[in-house]
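Listed below, chain by chain, are the residues.
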Amino acid sequence: MDAFAPATTAGGLVYVSGVSAGQAALAEPVPGQVTDVLRRLDLTLLEYGSSLTRALSIHVQVRHAADFAAMNAAYARFFPSAPPVRTTVVAPPESSGALVQMSAVAAAAGAPREVLHPAGWPVSPNPYSYAARSGDLVFLAGLVPRDGRTNAVVTGDLETQIASIFCNATDVLGAAGLSLADVVSARVYLTDPAHAPAAEEYYRRHMPPPRPARSIVVAALMNPAYLVEMTFVAMAGKRALGFPDAAIPDDAIASPLMRGGSHLFLSATDGDYAPAAIDAHARTATGRLLNSLRQAGLAWADVADITLQVSDAAHAATARRAIRESMLQPLPAGTTLICGLLPHDARVQISATAVS
Ligand SMILES: C=C(N)C(=O)O
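Residues numbered from 1 in each chain as written. Predicted model: local features only at pLDDT ≥ 70, side-chain atom pairs only at ≥ 80, totals over all residues. Heavy atoms only, no water.

- Going by what an unreviewed UniProt entry lists, the protein is known as Enamine/imine deaminase and is assigned to Luteitalea pratensis.
- What the UniProt record of the protein gives under Sequence similarities (unreviewed entry) is the line "Belongs to the RutC family." (UniProt positions renumbered as here; feature names shortened; annotations may be inferred.)

In structure tokens form, the structure reads like this:
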């Protein structure tokens, strides 16, 4: 019983669930697996009336940071021009032989697609664009502490690194005529949970309230010097709270649900805390998500895509089964991310995108 559909179409976008290489390619090294995964994404997108060339955003999980260069070389062959934005983190795909897992969001048939580049910036050293727009929705690449104007890696403490990410984000959003006040969704990847308080303090000072829906997890990144990566989605001039009646305090780190036009972004909901059983964690997280949807006048059927964050690969199948048992058809697309969670005693978290 799977909790995720292979893909869903909603609001002019196709959401494709996370996939690893098929059985026949699992014995291959990284280039063969990357090629197989991208072909599988393409086939699914074609079935849903889109294609890999119309991808807006790809999320990549690699098992070993040492495979980054080989992953990039194989990946680049699929995108000779105008590649989608991309976020890459070190996270073990669930299947034991898999070295890489990817999920995608693409423009549906007939929907516009355009990549954007900040004025004066050199091209990215890796095969991804910095921003991709479809209609009013703008996806940003996972931004790392690398000065976009020079491609120099920014070392230093967490505050220095986040400052460089916010500076890059300002330039990239500017290329779309947007600002940080238009961000509807943020995903934060920290390499060390001890950095969370400093990251939250900087984020609170620089992200204008009401702050976007957000998830924050712990994962290693592609360059050992990086302490943080952030992925934003923005919506031109249409950001609004998902629950218009709910007062969100100005110091709240995230809004539970942020609307951008017809798209709704739900912050990651926690399950129970250790030592509860994993299925209880997953049911609680699903219940909280459903509650947020109901408060916004939405239902499970409006969910297009979910990210299931679990603290251990051993929890993934149990969590998915419990989610599947607590929800109704139709199934959303989904990705499982095995990573460190915050707070440290969380075991399961779920974030989602819905379309009304
Ligand atoms: C830094 C990235 N966004 C990447 O390599 O995907």
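Comments concerning the nonpolar core
And step 1. Within the largest apolar cluster, 58 residues are counted, with the highest numbers of intra-cluster contacts made by F139, I162, F166, L190, V228, M230 and F232.
And step 2. Contacts of M230, omitting those with residues within four sequence positions, involve A141, G142, L143, I162, I165, F166, R187, V188 and Y203.
And step 3. V14, L41, A98 and M222 belong to the second-largest nonpolar core, a separate cluster that totals 32 residues. (Core = buried A, V, L, I, M, F, W, Y, C linked by side-chain atoms within 4.5 Å. Buried < 20%, exposed > 50% of the residue type's maximum accessible area, 1.4 Å probe, protein only. Contact = heavy atoms within 4.5 Å.)

Brief notes about the pairing of strand β7 (residues 131–134)
Within a regular beta strand, the side chains point alternately toward one face of the sheet and then the other, so they alternate between its two faces.
And step 1. Direction of pairing for strand β6 (residues 114–116) relative to β7: antiparallel, over a ladder of 3 bridges. Looking across to β7, one finds that E114 is bridged to R133.
And step 2. Relative to strand β8 (residues 137–140), β7 runs antiparallel, the two sharing 4 bridges. Counterpart to S134 in the pairing with β8 is L137.
And step 3. In this structure, the hairpin formed by β7 and β8 is closed by a connection of 2 residues, where G135 is found at a positive phi of approximately 60°. (Pairing = 2+ DSSP bridges. Helix = DSSP H or I, 4+ residues; strand = E, 2+ residues; numbered from the N terminus.)

Section: the packing of aromatic side chains
And step 1. On inspection of all chains with the given rule, the structure shows 6 aromatic pairs.
And step 2. Judged by centre distance (5.9 Å) and plane angle (85°), the ring pair of Y128 and Y130 falls under edge-to-face.
And step 3. For the pair F166 and Y202, a centre-to-centre distance of 5.4 Å together with 65° between the ring planes defines the contact as edge-to-face. Remark: Y202 occurs in helix α4 (residues 196–206) and F166 occurs in helix α3 (residues 158–175); sequence separation between them is 36 residues. Of the two residues, F166 and Y202, both sit in the buried class.
And step 4. Connected via pairs of aromatic rings, a cluster forms that spans F166, Y202, Y203 and F232.
And step 5. Here R214 stacks its cationic end above the ring of Y203, 5.8 Å away from the centre of that ring. (Phe/Tyr/Trp six-rings, centres within 6.5 Å; stacked < 30°, edge-to-face > 60°. Lys NZ or Arg CZ within 6 Å of the ring centre and 35° of its normal.)

Notes on the environment of V34
And step 1. Here V34 lies in helix α1 (residues 30–47).
And step 2. With a relative accessible area of 0%, V34 lands in the buried category.
And step 3. It is 23 Å that separates the C-alpha atoms of V34 and I306, two residues lying 272 residues apart in sequence.
And step 4. For V34, the contacting residues outside a window of four places in its chain are M71, A74, Y75, V100 and M102.

Thoughts on the sheet that holds strand β2 (residues 13–20)
In a beta sheet, neighbouring strands pair by backbone hydrogen bonds and run either parallel or antiparallel.
And step 1. Read across the open sheet, the 5 strands follow the order β1-β2-β5-β3-β4; overall the sheet is mixed. Edge positions in the sheet fall to β1 (7–10) and β4 (85–90), since each has one partner strand and no second. Averaged over all pairs of adjacent strands, the angle between strand axes in this sheet comes to 10°, irrespective of strand direction.
And step 2. α1 rests against β1, β2, β3 (55–62) and β5 (100–107) of the sheet, and its axis sits at about 150° to β2.
And step 3. In the packing of helix α2 (residues 68–76) onto the sheet, the strands contacted are β3, β4 and β5, and the crossing angle to β4 comes to about 155°. (Axes fitted to C-alpha atoms, helices over the stretch in contact; angles between N-to-C directions.)

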